[in-house]
Amino acid sequence: MGEEREKLVSMYQELNEKDTDIKKWNKALIPKAILLFPPISFTLTFLQINKDKSLIDLFIFLAIGGLLVFGGIFLNYLLSKGN
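Residues numbered from 1 in each chain as written. Predicted model: local features only at pLDDT ≥ 70, side-chain atom pairs only at ≥ 80, totals over all residues. Heavy atoms only, no water.

Student: Please explain the overall build of the protein chain as it appears in this structure.
Tutor: In terms of helices and strands, the protein chain carries 3 helices and 0 strands. Within the protein chain, the fraction of its 83 residues that count as buried is 2%. (Helix = DSSP H or I, 4+ residues; strand = E, 2+ residues; numbered from the N terminus. Buried < 20%, exposed > 50% of the residue type's maximum accessible area, 1.4 Å probe, protein only.)

Student: Is there a simple way to explain the packing of aromatic side chains in this structure?
Tutor: The geometry of an aromatic ring pair comes down to the distance between the two centres and the angle between the two planes. Tallied over the entire structure, the rule returns 3 aromatic pairs. Aromatic side chains Phe 42 and Phe 46 sit 6.1 Å apart centroid to centroid with 35 degrees between the ring planes, which places their arrangement in the tilted category. With a gap of 4 residues between them, Phe 42 and Phe 46 both fall in helix α2 (residues 29–49), about one helical turn apart. Classification of Phe 42 as partly exposed rests on a relative accessible area of 33%. Summarising the aromatic geometry, the rings of Phe 42 and Phe 61 are spaced 6.4 Å apart at their centres and angled 20 degrees between planes, so their arrangement reads as stacked. You can see Phe 42 sitting in helix α2 and its partner Phe 61 sitting in helix α3 (residues 55–81), a full 19 residues away along the chain. (Phe/Tyr/Trp six-rings, centres within 6.5 Å; stacked < 30°, edge-to-face > 60°.)

Student: What am I meant to see in the packing of α2 against α3 here?
Tutor: Closest axis-to-axis distance for the α2/α3 pair is 11 Å, and the angle between their directions is 120 degrees. When the interaxial angle is binned, α2 and α3 end up oblique. Crossing geometry of α2 relative to α3 is assigned as right-handed. Of α3, the residues touching α2 (which contributes Phe 42, Thr 43, Phe 46 and Leu 47) are Leu 55, Leu 58, Phe 61 and Leu 62. Residue classes in the contact of α2 with α3 are distributed as 7 nonpolar, 1 polar and no charged. (Axes fitted to C-alpha atoms, helices over the stretch in contact; angles between N-to-C directions. Parallel < 35°, antiparallel > 145°, perpendicular 65-115°, else oblique. Left-handed = near helix turned anticlockwise from the far one by under 90°. Contact = heavy atoms within 4.5 Å. Nonpolar A, V, L, I, M, F, W, Y, C, P; charged D, E, K, R; others polar.)

Student: How should the confidence of the model for the protein chain be read in this particular structure?
Tutor: When pLDDT drops low, the exact placement of atoms in the prediction is not to be read closely. Averaged over every residue, the pLDDT of the protein chain is 82; residues scoring 70 or more account for 86%. Confidence, expressed as mean pLDDT per element, reaches its minimum in the protein chain at helix α1 (residues 2–17) with 81 and its maximum at α3 with 89. (pLDDT = per-residue confidence, 0-100.)

Student: What am I meant to see in a nonpolar patch on the surface here?
Tutor: A cluster of nonpolar residues, Phe 42, Leu 55, Phe 59, Phe 61 and Leu 62, forms a patch on the protein surface that exposes about 500 Å² of accessible area. In terms of residue count, α3 provides more of the nonpolar patch than any other element does, 4 residues in total. We classify Phe 61 as partly exposed; its relative accessible area is 49%. (Patch = residues over 30% accessible without salt bridge, like charges linked within 9 Å, V, L, I, M, F, W, Y side chains within 5 Å. Areas by Shrake-Rupley, 256 points an atom, 1.4 Å probe, with all protein chains shown as cover. Salt bridge = Lys/Arg side-chain N within 4 Å of Asp/Glu carboxyl O.)

Here it is in structure tokens:
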């Protein structure tokens, strides 16, 4: 029991000594904004241009496009698997 406690204490001390660089969510707001800008602008322009469409139509459009892309990736995988 004493050995296990010593191991745990030594592991705890090692973890505290290491310089863990944990970023908070607000430290990287610019990269997050850069990543979120294209989908947000696409959604807004899609809904602005297609006033008769709804968000469900947008999700269906994106889902079909995603299925086509993943289908192409899957076919590429199947064709390159034989080589």
